[in-house]
Structure formats: C-alpha cells, structure tokens
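Structural features, examined
Residue strings, one per chain:
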Amino acid sequence: MTEPPAQVEPRAGERVRARIRVSGIVQGVGFRPFVHGLAGQLGLAGFVGNDESGVVIEAEGAAPALDALLAALQDRPPALALVTGVAATDMPVRGDTAFAIAASSARGRRATLVPADTATCAECVAELRDPADRRYRHPFITCTNCGPRFTIVTGVPYDRAATTMAGFPMCAACAAEYHDPADRRFHAQPVCCPGCGPTLRLVDATGRELSGEPVTAAARLLAEGGVLAVKGLGGYHLAAAAGHERAVAELRARKHREDKPFAVLAPDLDAAGTLGEVGPAEAAQLSSRRAPIVLLRRRPGAPLATAVAPGNDHVGVLLPYTPVHHLLLDDLAAPIVLTSGNVSDEPIAHLDDDAVTRLAGIADAFLTHDRPIRTRADDSVLRVVAGRAYPIRRSRGYTPEPLRIGVVAGEPVLGCGAELKNTFCVLRGAEAFPSHHVGDLENAETLRAYLDGIEHLGRLLDVTPAVLAHDLHPEYLSTKYALARAEAEPGLRLVGVQHHHAHLAACLAENGEAGPAIGIACDGLGYGPDGVLWGGEVFAVSLTGFRRLAHLEPVPLPGGATAIRQPWRMAAAWLHATGTDPAGLAVVARNGPLWTQVERLLGSGVDVPVTTSAGRLFDAVAALVGVRDRVNYEGQAAVELEQAASAVGECDGYAVRLDGELIRVGDLVRAVVADLRADTPAPVIAARFHAGLHDALAAAAVSAAADTGLDVVALSGGVFQNIRLLQGVSRRLTEAGLRVLVHSRVPCNDGGISLGQVAVAAATIS
C-alpha cells in the first residue's frame, strides 16, 4: 500500500515551491531522468537528487504543474520503480529558472531500497543485434531500464562508485550518454561499451585463453557436446546443448546430480512452446523483467535429451535475461541446459577463482568476464496456478524488493530462516525484505554465504536487528546462529517461532492478514513443542500464536534422517503402525533383509523419532505402489507420485476417519494395500490417495472452522507444492463456503519461513 499523493497548498501569486520526498525502489531505475524530463514538460524549476532515503525533489512553478508532478510520481513512475511513498512540504519560492540533477548525498540513516536485477530490455536487445550500432554484440549492454542491480551493488546511494562497475571508467561517448537527459542511458550506472566496459573471455579449465571470438567459440563448443561454465548475473551456470544426449548425461554425471531436473534456456517464447505448454500467464512470467524459471507441462516429443528431466512430466524453462544469453543462443540457435554452477548441495559459485576451483572438473571451458559479482543469486522458480504465480524459489529478479505485510515492527527484526531452502528476512518498519535463496545450511560454504548475505543486506538497508526470530529446532544452523549472536551481542532479543506457525504466518502476512484463521500446514518435518516431528497439522492460527486442533496420526521415523532418503522405510513404518500384513507386497521383496531389520526395529520397543509428517506419508505410498524406494533429491518420491496420479482424472478418494484431533490417514495406507492386492494400476491408486488426503485435510479444516467460527483457511508447507493436493484442498474448502489463502509472493516451502518468523516476531513484540 502506497501513501496517497500529497497535494501542495496553493499560495498567493503565480509560483509555489515544494520539497518532495519519494521513497521505495527509486534509485537505479531511471527515476531522476524521469523527474528531470517531467519537470521540463511541466515548466518546473528546481532539482532532483538521490540521498540515503530515496529521491528528493525541490520543484518550483505554477501550482497546477506541481500537482501534476505529484500525481505522475505516484501514478506513472518508471517501469522498474516501486514507489511506496510521496510526501510534499511547502517551501519558500527561490526564483530558480532551471531544473537540474543534483549530486547524490548520504548523510543520515539509509532508508533507500536497492533494485533487483532485471532482464535485458527489448531496446537493448535490438541494439545488440544491430550491426550499425556501436554496441553491436556487446555482452554488457544495458540501460536505465535493464541490467544488473542487486548483484553488483556494494553500497548506497546507488551510484556507479557503489557498484562493481566502479573499476570501469566511462569513455567519452558513454559519459555523454550518461549525462544527456534525453538519452535512455541517462544516469544508468552500469552503462559501458566495448571500449570501456568489462571484457568477455573464453578459457579452458586451466585458465588458458581459447582462440576465436568468445561467444562464437563457446556456442561451437556446446554444439559439439561440450559442457560450458557461463558467468551470469548472480553466479556461474553450467550449460550443455539441451538436445545433446551425451552432453547432458555427462553434465549430470560430473555434477553428481542423479535425477533432479535441469532448467532449460530457450531462445524465445516460440521455442519455449516447443518444450512445454505455454499459456498466456506462463508467457507473461517467462517474458517479464524478472525472467524466472517457469515449470511447464512437458510437451510429448519435446526436443530434449532424456537426462534433462528424467522421469519428470514438467520442464523448467526460462528465457535469456543477459546479453550473453542472447548472443549464445543467437549463435547456437537451440535451447541449452542452464543449471547452477555448483556441485550438488553447494551454493552457486560467483567468485572467479572459486568457480575455476570448484567447476574445473565439470566444465570443459569457462565463458567469463572481469565484472565482479558482489552477491550471488540463484534463478527464481515458479509455477502458474489458476493464472497466478506460485513461487517455488524467490531469488534473482525479486530480491531485495520489499513486501508490505500488514504488520509494523517497532524495532528491526531479522528472521533467520530454516535449515533447508534457507532464506533470511529483514523487517524494517512495515517493509519485509526476504533474501535471495541461500540454500541448505548443511556445509561450511553455504553457512559462509548465509553470514555474508545477512551482513551485506543489513548494511544496504542500514539495519542492525534488535530482535532475532528463529526456528525452535535446536540443531538448525540458523537457530545456532541466532543463539550465538544473541549471546555475543547483549540486548538482542530472541523470539523462537515454531516451524509450522512460521509457514502459516508467512501465508497470512503475504496476504495482508493477521488472523485468526484456520491453517493447514503440510511439509516434510518441523520441530514440534511436544518433541514430535510435526508435518501434517491443522491450527487455529494468527500472527501472535496458534492452537493445534488436528493432525495426522503419528508414526515412527525408522532410522531418523535415513528414512527421508529411503521412503521404503516409511512404508514399513506405516504398515507396522496400522497392523497391516506386508506379506506378498513388492516393496518387501525389493528391500529384502533390510526390510526385516527395520521390522525388528519397529517391533523392538527401542525409542525412535515419531512424526506426523504429510511428506513422509507421501513417501510411504510412493514406495508401496512401486514409484520410488530411494530418493536423490528432496521431495522426489512425492513429485513422482503426483505425476503418476496425473494420468488419471478426478476420482473418488479413499475414505479417512476423523477421530477427535487425529486424522486417521492410516486408512489411506490400508486402502492402498487393498488396491495393490486387487492389482489396481498404480496411477489409479495414486489418484485415489491424493483425493482421499485432500478430502481428509479439508474435512478437518471445515470441522475446525465450525468449532471456532472462523471462515478463512491458510495453506502452507512444502507439500503444497503438489498442485493436485493444493487444488483439491482449495476446491473442497471453497465449496464449504470458506475463503482460502495461498502463497503468491514467497514459497510455501521453507524458503518462506523467514518471512513468517519476522511477521510473528513483529506481532508478538509490538
């Protein structure tokens, strides 16, 4: 919500003057040249400049002209701007006769916002391809409307000296454009040309420069089946020709990424449409300035190597968002795999020396350059659900844009996030700043990236947190960070936020609601205050608290974390918990002596962790029907079970009893086994399971709503990345007359946890 346009009170006489403060994302987006041009059209005198709080304007002229300026600032700012406030104060008339752009200043507390990285605009792409243009095939072409922003920013105010372009002095021609108010590159901080900008190079894994024009030679390497490391906006990618079977298989083997799908960079929308189903909403997302990866239903016969997305009926597609991407695909004229430049489970490489060290065993060559990347940022990922964006990963193109969440923090709050898919979040006043995707906090390199990211974003926002909000799980590295920092900095307050409360709080907050509401939280595992690993919960929830009303019945987690990697163990646990005879089931035969060992463990009375996890229930059913016994990435079994169900239309689900606070999903397991023994096809069983589960969750929520008098239901947790489940639950709740809240701005998975943490902390301490 932005502030209403301020009105200047007319004074006696012809001229009035006002000091105007514009806040939001107003630096690095062409705001000053926009104001300069507008002032010229309106006949206003004065100046516009950047400072630590945003854009400041002093304008003098006729009162109607000043009112027109205020309206334009609010209603039609530059395309990349996000105006969150316009405030005007009357000033004495000074008699200025011209309008100027003033030098930037930064004397007070910084409150300006840093823009996100933006895909190359159509005007720059046209120049890139124009042999008559002086920036023809210039790999770093940019203007006020596009290009690198957050990933190159080192400080604020946003000026060239505070970016990694500081080491590239502008030539006379670029400086002339930069200082010309009529030019599209007026005050575009990354502006450069072949004569004064960074240099693109193609080198081998030893750093030896390879012959030929770098992009042309790189395209030739891809066409011949090579693996290429490409330096992008937020880090290095690994690329291979997407239709080249051997090249993609080799990339997968070298990267140690067995099954997790690769993203594919398509030359344009038409090419994307040959790979997956592109509707109007998907096309809008693909071609947006954010240029995310969009998950598309894969077209039969799509010209993709088998190893691009093995066993997956969707493919992640994105369009070129840097000049190098455009040049590479222009030369290759075919889609390429574009995946994060890392070995599995490591953060994306973004420093040149580190990239060579870590990727030398994967890439045959490096298409690199000498413009440093300050902050790594993975590609964002989303699906389109019911015509709206449904985020899977929010990072490049979005970060560090703020979200207004309807709760105001009296003191700055840092949400430390979860262990997996980590993001952190800074809440400053009414604005929440979710970080870029950090990743799984499971190794030293990712932890270093996490710590650096917290320090850097805090410095850009000039925020030192007074409150640290963290997960309750004592072994999460993010929790340990919060506890250690609070011990080292006396006065810092800690707010522990239960994992599923944070999930649901994020959903409430991004929808501008504080609750109370009914919440359904379904995910893999989250630490419950009773010591049980929760993951299939129904709450009465608000930002200030929650009450557990219902949950899936608990079962053992045999082997702890091993059971997450081996879904067949959850099949054994559920069969044991429901007293179902496993004799004759294929899952038993497939796992032989190991099955017997787990059965002994379950029957021994030895203490094992217990869970109510919906994610682990999906694992159990996936193993029972023969979809997957072992996983190579998080959620793989559930993804493949959903895909199996997609072969079947809507159907009746297995019946599930509601027994007080228990949702007896063991009934689903018994029904699955009965259908297996009746030789029912796996896709039919998968569809019936999905329908039974979404009906049971919805029924529990409807019952809770009736008991509490609440009529709003929020859905969150990583299991709701399953679109069949999400839509089934939503439909049943809507049919019952309830209003349903889902995510559209942050992920439902653990990437949204940090937003929920700051929302809870702000509501709790205010």
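Residues numbered from 1 in each chain as written. Predicted model: local features only at pLDDT ≥ 70, side-chain atom pairs only at ≥ 80, totals over all residues. Heavy atoms only, no water.

Moving on to the overall build of the protein. The number of helices and strands found in the protein is 22 helices and 30 strands. Its C-alpha radius of gyration of 28 Å places the protein within 12% of the 27 Å reference for a compact globule of 766 residues. Seen along its three principal axes, the alpha-carbon backbone of the protein occupies a region of about 90 × 65 × 50 Å. Across the 766 residues of the protein, 60% fall into the buried class. Put simply, the protein shows about 27,100 Å² of open surface, and 53% of that area lies on carbon and sulfur atoms. The averaged location of the 84 negative side-chain charges in the protein is 2 Å from the averaged location of its 70 positive side-chain charges. (Helix = DSSP H or I, 4+ residues; strand = E, 2+ residues; numbered from the N terminus. Rg over C-alpha atoms; globule rule 2.2 N^0.38 Å. Buried < 20%, exposed > 50% of the residue type's maximum accessible area, 1.4 Å probe, protein only. Areas by Shrake-Rupley, 256 points an atom, 1.4 Å probe, with all protein chains shown as cover. Lys, Arg positive; Asp, Glu negative; His and termini not counted. Charge placed at Lys NZ, Arg CZ, Asp CG, Glu CD.)

Moving on: the nonpolar core. Ile520, Leu617 and Phe720 are the most contacted members of the largest nonpolar core, which totals 74 residues. Per-element accounting of this core gives the leading share, 12 residues, to helix H20 (residues 682-708). The contact partners of Leu617, leaving out residues within four places of it in the chain, are Leu552, Trp574, Val665, Leu668, Val669, Phe689 and Leu693. Ile20, Val35, Leu73 and Leu468 belong to the second-largest nonpolar core, a separate cluster that totals 47 residues. (Core = buried A, V, L, I, M, F, W, Y, C linked by side-chain atoms within 4.5 Å. Contact = heavy atoms within 4.5 Å.)

What follows concerns the packing of aromatic side chains. Counted by the stated rule, this structure contains 9 aromatic pairs. A cation sits over an aromatic face here: Arg252 above Phe262, 4.1 Å from the ring centre. Over the aromatic face of Tyr321 sits the side chain of Arg396, whose NZ or CZ is 3.5 Å from the ring centroid. (Phe/Tyr/Trp six-rings, centres within 6.5 Å; stacked < 30°, edge-to-face > 60°. Lys NZ or Arg CZ within 6 Å of the ring centre and 35° of its normal.)

Moving on, we come to the sheet that holds strand S2 (residues 45-51). Spatially, S4-S1-S3-S2-S5 is the arrangement adopted by the 5 strands of the open sheet, whose pairing is mixed. The sheet is open, and its two borders are formed by strand S4 (82-91) and strand S5 (99-101), each paired with just one other strand. Across this sheet, the average inter-strand angle for adjacent strands is 15°, counted without regard to direction. Relative to strand S3 (residues 54-62), S2 is paired through 7 bridges, and the arrangement is antiparallel. Across the sheet, the residue bridging to Gly49 is Val56, located in S3. Across the sheet, helix H1 (residues 31-42) is in contact with strand S1 (15-25), S2, S3, S4 and S5; its angle to S5 comes to roughly 170°. (Pairing = 2+ DSSP bridges. Axes fitted to C-alpha atoms, helices over the stretch in contact; angles between N-to-C directions.)

Turning our attention to the pattern of salt bridges. Once their charged atoms are close, side chains differing in charge can pair, the charge on each being opposite to the other. Taken as a whole and judged by the stated rule, the model has 50 salt bridges. Between Glu431 and Arg428 there is a salt bridge, with the nearest N and O atoms lying 3.8 Å from each other. For Glu431, a relative accessible area of 8% gives the class buried. You can call Arg428 buried: its relative accessible area is 16%. (Salt bridge = Lys/Arg side-chain N within 4 Å of Asp/Glu carboxyl O.)

With 13 residues, helix H22 (residues 753-765) extends 18 Å between its outermost C-alpha atoms, agreeing within 8% with the 18 Å of an ideal straight helix rising 1.5 Å per residue. Among the 13 residues in H22, 11 count as buried, and that is most of the element. Buried within H22 we find Ile753, Ser754, Leu755, Gly756, Gln757, Val758, Ala759, Val760, Ala761, Ala762 and Ala763. (Expected span 1.5 Å × (residues − 1).)

Read from one edge of the open sheet, 10 strands run S6-S13-S7-S8-S12-S9-S11-S10-S14-S15, paired in mixed fashion. Of all the strands in the sheet, just strand S6 (200-204) and strand S15 (388-393) have a single pairing partner and so form its edges. With direction set aside, neighbouring strand axes in the sheet form an average angle of 35°. Looking at chain direction, strand S14 (residues 381-385) and S15 are connected through 5 bridges and run antiparallel. Looking at the pairing, Val385 lines up with Arg388 of S15. The strands touched by helix H21 (residues 723-735) within the sheet are S14 and S15, with S14 carrying the most contacts at an inclination of about 40°.

Across the protein, the average pLDDT comes to 93, with 97% of residues at 70 or higher. pLDDT under 50 marks residues 1-13. Its contacts with residues more than four places away, or in other chains, come to 36 contacts. (pLDDT = per-residue confidence, 0-100.)

What follows deals with the environment of Arg254. Among the secondary structure elements, Arg254 is positioned in helix H6 (residues 245-255). Residue Arg254 is classed as partly exposed on the basis of its relative accessible area, which comes to 23%. Spatially, the C-alpha atom of Arg254 lies 5.2 Å from that of Ile362, the residues being 108 residues apart in sequence. Apart from the residues lying within four places of it in its own chain, the contact partners of Arg254 are Val227, Gly361, Ile362, Ala363 and Asp364.

The contact between H1 and helix H2 (residues 63-75) brings their axes to 10 Å, and the two run at 150°. Considering the angle they form, H1 stands roughly antiparallel to H2. The handedness of the crossing between H1 and H2 is right-handed. Residue-level contacts link Phe31, Phe34, Val35, Leu38 and Leu42 of H1 to Ala65, Ala68, Leu69, Ala72 and Leu73 of H2. Split into classes, the residues belonging to the contact of H1 with H2 amount to 10 nonpolar, no polar and no charged. (Parallel < 35°, antiparallel > 145°, perpendicular 65-115°, else oblique. Left-handed = near helix turned anticlockwise from the far one by under 90°. Nonpolar A, V, L, I, M, F, W, Y, C, P; charged D, E, K, R; others polar.)

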